[in-house]
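Each chain, letter by letter, is given below.
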Amino acid sequence: MSKSYEAIEVSQHGKLGLIALNRPKVLNAINRSMISEILDAMEGFEADSNIKAIVLCGNGRAFAAGADIDEMANDQTIDFELRNQFKDWDRLAMIKKPIIGAVHGFALGGGFELALCCDLLFAADNAEFGFPEVNLGVMPGAGGTQRLTKLVGKTKAMEWLFTGKRITAKEALQHGIVNQLISEELLFEETIKAAEQISNQAPIAIRLIKEAVLKAADTSLNEGMEFERKNFYLLFSTEDQKEGMNAFIEKRKPQFKGK
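Counted residue by residue, strand β4 (residues 99–103) has 5 buried out of 5 residues, so it is predominantly covered. Note that strand β3 (residues 53–58) and β4 share 3 bridges and pair parallel. Within the sheet, the bridge partner assigned to Leu 56 lies in β4 and is Gly 101. Where β4 meets strand β6 (residues 120–124), 4 bridges bridge the pair, whose relative direction is parallel. From the neighbouring strand, Gly 101 faces β6, where its bridge partner is Leu 121.

Here is the structure:
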């Protein structure tokens, strides 16, 4: 991408779009400008047919140690309402391409909420997660209470949100918050490998699988099954379905084109 950003670094690696949070002096504390830039970069990758998956990571000693408290300490209720504080966060949830996160160091508060926006999450063994907002007299506002509860259940979510307790990488793995623990030295390399594997799959199938899984989290089993079947039927109108099944029959590697 040719755009220049202040709070993030953006690059391309083969079929992957890479976004690195880049405010290392403040442990990548998330302010409104950073979220706006992340959204802009992701929507750019979303529109680029050459990009099949997005990797999100952090530069420096942490993924993101939380929201930029200095930016919001003096805000009033009406300020949040008038600027529609979380509109960019809502649009992040609309990204159709798979987002793979790599977390090292801290992922706290808004950093944890950003990590929870990822479809797959790989963590270094030194990673720490948590929602310390209660210690400041507030609570998560960008989806933290909702996404954490869907992942770990009401009881554990209540414990962590009420106490502001740090969640170790091992606990995060045990409770299904992350997919895999990796040494910090190999985290980026292994995340890229996983993202590349996904990027070589049929893009439309990946997109519709993501839609179906997200639907499962928000609907009844019967509604989710109906949605799944419609997406299954839809894939039989794609060139990739024909290519994939013919390649299987012919015992060769499929060449997917996203059509």
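Along helix α7 (residues 154–163), the positions that sit buried rather than exposed are Ala 157, Trp 160 and Leu 161. Considered in projection along α7, the buried side chains sweep an arc of 95° and stay on one side of the axis. Facing away from the buried side of α7 by over 90 degrees, the exposed positions are Thr 155 and Phe 162. Tucked inside the fold, the buried residues of α7 contact α6 (144–152) and β8 (167–168). Directly after α7, the chain includes Gly 164, whose backbone phi takes a positive value near 70°.

A few words on the sheet that holds strand β9 (residues 180–182). Strand order in the open sheet formed by 6 strands is β1-β2-β3-β4-β6-β9, and the pairing between neighbours is mixed. In the strand order of this sheet, the two ends are held by β1 (8–13) and β9, each with one partner. Ignoring strand direction, the axes of neighbouring strands in this sheet form an average angle of 20°. Packing of helix α1 (residues 32–47) onto the sheet brings it into contact with β1, β2 (16–21), β3 and β4, and relative to β2 it is tilted by some 175°. With respect to the sheet, helix α9 (residues 187–199) is in contact with β1, β2, β3, β4, β6 and β9, its orientation differing from that of β4 by roughly 170°.

A few words on the nonpolar core. Within the largest apolar cluster, 46 residues are counted, with the highest numbers of intra-cluster contacts made by Phe 129, Leu 148 and Ile 177. Per-element tally for this core: the top contributor is α1, with 7 residues.

At a minimum axis distance of 9 Å, the contact between helix α10 (residues 203–218) and helix α11 (residues 221–235) shows a crossing angle of 175°. Regarding the angle of α10 to α11, the classification is roughly antiparallel. For the pair formed by α10 and α11, the contact residues are Ile 204, Ala 205, Leu 208, Glu 211, Ala 212 and Lys 215 on the first element and Gly 224, Phe 227, Asn 231, Leu 234 and Leu 235 on the second. In terms of residue class, the contact of α10 with α11 is made up of 7 nonpolar, 2 polar and 2 charged.

Criteria and cut-off values
Residues numbered from 1 in each chain as written. Predicted model: local features only at pLDDT ≥ 70, side-chain atom pairs only at ≥ 80, totals over all residues. Heavy atoms only, no water. Buried < 20%, exposed > 50% of the residue type's maximum accessible area, 1.4 Å probe, protein only. Helix = DSSP H or I, 4+ residues; strand = E, 2+ residues; numbered from the N terminus. Pairing = 2+ DSSP bridges. Arc of directions from axis to C-beta. Contact = heavy atoms within 4.5 Å. Axes fitted to C-alpha atoms, helices over the stretch in contact; angles between N-to-C directions. Core = buried A, V, L, I, M, F, W, Y, C linked by side-chain atoms within 4.5 Å. Parallel < 35°, antiparallel > 145°, perpendicular 65-115°, else oblique. Nonpolar A, V, L, I, M, F, W, Y, C, P; charged D, E, K, R; others polar.

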